[in-house]
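Analysis of the macromolecular model
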Amino acid sequence: MSRIGYKTVKVPAGVDVKRDGDQVTVKGPKGSLTRTFSDFITMKISDGAVDFDRPDNNNKTRALHGTQRANLNNMVEGVVNGFAKTLKLVGVGYRVQAKGKTLVLSVGYSNPVEMAIPETLEVKVPDNTTINISGISKQEVGDFAAEIRAVRSPEPYKGKGIRYENEFVRIREGKTGK
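In the annotation of an unreviewed UniProt entry, the protein chain is listed under the name Large ribosomal subunit protein uL6 and assigned to Levilactobacillus paucivorans. What UniProt records for the protein chain under Subunit (unreviewed entry) is the sentence "Part of the 50S ribosomal subunit." In its Sequence similarities (unreviewed entry) section, UniProt records this for the protein chain: "Belongs to the universal ribosomal protein uL6 family."

1. Re the domain arrangement of the protein chain
By the assigned domains, the protein chain splits into domain 1 (4–81) and domain 2 (83–164). For domain 1 and domain 2, the distance between their C-alpha centres works out to 31 Å. For the pair domain 1 and domain 2, the two sides together bury roughly 530 Å², of which 63% comes from carbon and sulfur. It is Leu 33, Asn 74 and Gly 78 in domain 1 that bury the most area against domain 2; as a group they hold 58% of the surface buried on that side. Counting across the domain 1 and domain 2 interface gives zero salt bridges. Connecting domain 1 to domain 2 are zero residue pairs in polar contact (both at pLDDT 80 or more).

Basis of the calculations
- Residues numbered from 1 in each chain as written.
- Predicted model: local features only at pLDDT ≥ 70, side-chain atom pairs only at ≥ 80, totals over all residues.
- Heavy atoms only, no water.
- UniProt positions renumbered as here; feature names shortened; annotations may be inferred.
- Domains from an automatic or database assignment.
- Buried area = accessible area lost by both parts, 1.4 Å probe.
- Salt bridge = Lys/Arg side-chain N within 4 Å of Asp/Glu carboxyl O.
- Polar contact = N/O pair within 3.5 Å; in protein donor to acceptor, adjacent residues only side chain to side chain.

In structure tokens, the structure reads:
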């Protein structure tokens, strides 16, 4: 049983939630987000709150119940506060530069890796080993951070690579000589 699905999503003042068929739009001070929601789950929009209810205990309906509630909560939080992730580059000679709408990563390959920054995200490079990603969509922020990390994920022997700010990389012992 999904307990998350039955929690009420509180909508702060200045945030507008509208449903048009299967499209839900949330508008707030930082922007607006639109997402497609399933018709299996009933959504009741009242003053300052949104409630979700499911008609039966079918497996698909139960799976969507908590997911849709969490997605709407993330949309409301995104248009009010936004989301942010920070990445660190660990390794000798590893560095990053922001050139316009392109991120240039020098992470030990023969050529620098260039990545286009999505229009909906804001990427800042405060120093040459730190990347700050922020935006209103939790999914877009997380996806772009994961794409950057996948360029050179941390390796377990020296810990070199691109990692999240508070990520712990367990360092393994290498081969031992006789």
